[in-house]
Amino acid sequence: GKRWYRPGVQFRRLIALVETEGAGVALVDLVRVRGGSEHWRVCRGLEAEAFTADLAGEQIGGTVADPRGKRGQQEGLAHPDHAGLAWMDEVVRLEERPTWKGIWVCRRRADAWLDLHQLRASPGTQLMSARATATMGKPEESSYLFRTLLWKHVPQPGQTTSVDLVFEPRLGPATLAAAHSIAADQESASGVELVTTTGKTIKLYWNPESGAEDFTRFEDGAALQGHLVLVADAKVTAVGATSFQTQGRTLAFAAPVQRGKITAVDQGA
């Protein structure tokens, strides 16, 4: 009975790869964390020397783990889990805003970009960027170089941290004209609206804490009963949802399975 330990931390994440225009895609990446003393989200993005965004920034020096520390310094860390952060230096504290857009330009391919849209972040979430290179040797000797983004939030007891992002990897012009958050009446839920350059609209509604019979209502008038619905080209796709209401219509879905059980595993494969 003592084999398993529950640390009191809950992590929910939705990763959805959505077709936009032509060969274009967008990656919707929504995160919820509850429990523990600190919540971090780290994103390396493309291998690039810089990350450009419409945000004010301030160079704070040191490392992500310690503003007075030197790269690789392991002594005096606030927590042992900060060891990896001690190798990230040239730290810039970025302006805290709920929504913004930024871009990485690949240092190995001049025609490769990765756009990032932040749709939502819990109030009080600190945003930083830092240089991330190999931990062995000097940074200039590293075989890779990333300008990593980091989100840090110190929650109140029982508070959930949310960081909702949309990425667009591309080798040419962007296919996304805009990405917006759709507010909901529950902290655990998120709505996402993507608008393409030709005016196509894609909407996603998600609540990982909702049961099959529970309703979540969104500010655009939609109501989700269950976990997840995607609306694109007037087509509605549901996962773990019983019904969905939008524009005065109600759609019902049969067998809204939300939980599964692994019955066998082929370990040889």
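Above: the structure in question.
Definitions and cut-offs
Residues numbered from 1 in each chain as written. Predicted model: local features only at pLDDT ≥ 70, side-chain atom pairs only at ≥ 80, totals over all residues. Heavy atoms only, no water. Core = buried A, V, L, I, M, F, W, Y, C linked by side-chain atoms within 4.5 Å. Buried < 20%, exposed > 50% of the residue type's maximum accessible area, 1.4 Å probe, protein only. Helix = DSSP H or I, 4+ residues; strand = E, 2+ residues; numbered from the N terminus. Contact = heavy atoms within 4.5 Å. Phe/Tyr/Trp six-rings, centres within 6.5 Å; stacked < 30°, edge-to-face > 60°. Lys NZ or Arg CZ within 6 Å of the ring centre and 35° of its normal. Pairing = 2+ DSSP bridges. Axes fitted to C-alpha atoms, helices over the stretch in contact; angles between N-to-C directions. 1 Å grid on protein atoms, 1.4 Å probe; cavity = no way out; pocket = protein on both sides within 12 Å on 5 of 7 lines; lining within 4 Å. Points joined across faces, edges and corners; volume = space filled by probe spheres on them. Nonpolar A, V, L, I, M, F, W, Y, C, P; charged D, E, K, R; others polar.

**Student:** Report on the nonpolar core, specifying residues and quantitative values.
**Tutor:** Judged by nonpolar contacts, the single largest core of 17 residues is most densely connected at Val28, Leu30, Val166, Val192, Leu194 and Leu204. Secondary-structure elements contributing two or more residues to this core are strand 1 (10-19), strand 2 (25-34), strand 12 (176-182), strand 13 (190-196), strand 14 (201-206) and strand 16 (223-232). Those residues in contact with Leu30 that sit more than four places away from it in its chain are Arg12, Arg13, Leu14, Val163, Asp164, Leu165, Ser190, Val192, Leu204 and Trp206.

**Student:** So what about the packing of aromatic side chains? Which residues, and what values?
**Tutor:** Note on aromatic pairs: each is described by the distance of the centres and the angle between the planes. According to the stated counting rule, one finds five aromatic pairs in the structure shown. Consider the rings of Phe51 and Trp100, whose centres lie 6.0 Å apart with planes at 75 degrees: the pair is edge-to-face. With Phe51 in strand 4 (residues 51-53) and Trp100 in strand 7 (residues 100-105), this pair connects stretches of sequence that are 49 residues apart. Judged on exposure class, the residue Phe51 and its partner Trp100 are both buried. An aromatic cluster of at least three residues, connected via ring pairs, comprises Phe51, Trp100 and Trp104. We note Arg44 situated over the ring of Phe146; from NZ or CZ to the ring centre the distance is 4.3 Å. The lysine or arginine in question, Arg217, covers the ring of Phe215, its NZ or CZ lying 5.2 Å from the ring centre.

**Student:** Give me the sheet that holds strand 7: which residues, what numbers.
**Tutor:** Across the sheet, which stays open at both edges, the six strands sit in the order 1-2-11-8-7-4 with antiparallel pairing between neighbours. The open sheet terminates on both sides in strands that have one partner only, identified here as strand 1 and strand 4. Going from strand to strand, the sheet's axes swing by 20 degrees on average, the running direction of each strand aside. As paired strands, strand 8 (residues 113-121) and strand 11 (residues 160-170) are joined by eight bridges and run antiparallel to one another. Bridge assignment links Leu116 to a residue of strand 11, and that residue is Phe167.

**Student:** Talk me through empty space enclosed by the protein; I want residue IDs and the actual numbers.
**Tutor:** Following the criterion strictly, the structure yields one cavity of 30 Å³ or more and no others. Counted as a void, the largest cavity has a volume near 50 Å³. When grouped by side-chain class, the residues that make up the lining of the largest cavity number five nonpolar, four polar and two charged.

**Student:** Tell me about the environment of Met88, and please be specific about residues and values.
**Tutor:** Considering the arrangement of structural elements, one finds Met88 in the loop between strand 5 (57-59) and strand 6 (89-94). Once the C-alpha coordinates of Met88 and Lys138 are considered, the two residues, 50 residues apart in sequence, prove to be 12 Å apart. Discounting chain neighbours no more than four positions away, the residues touching Met88 are Val42, Gly62, Thr63, Val64, Ala130, Arg131, Ala132, Thr148 and Leu150.

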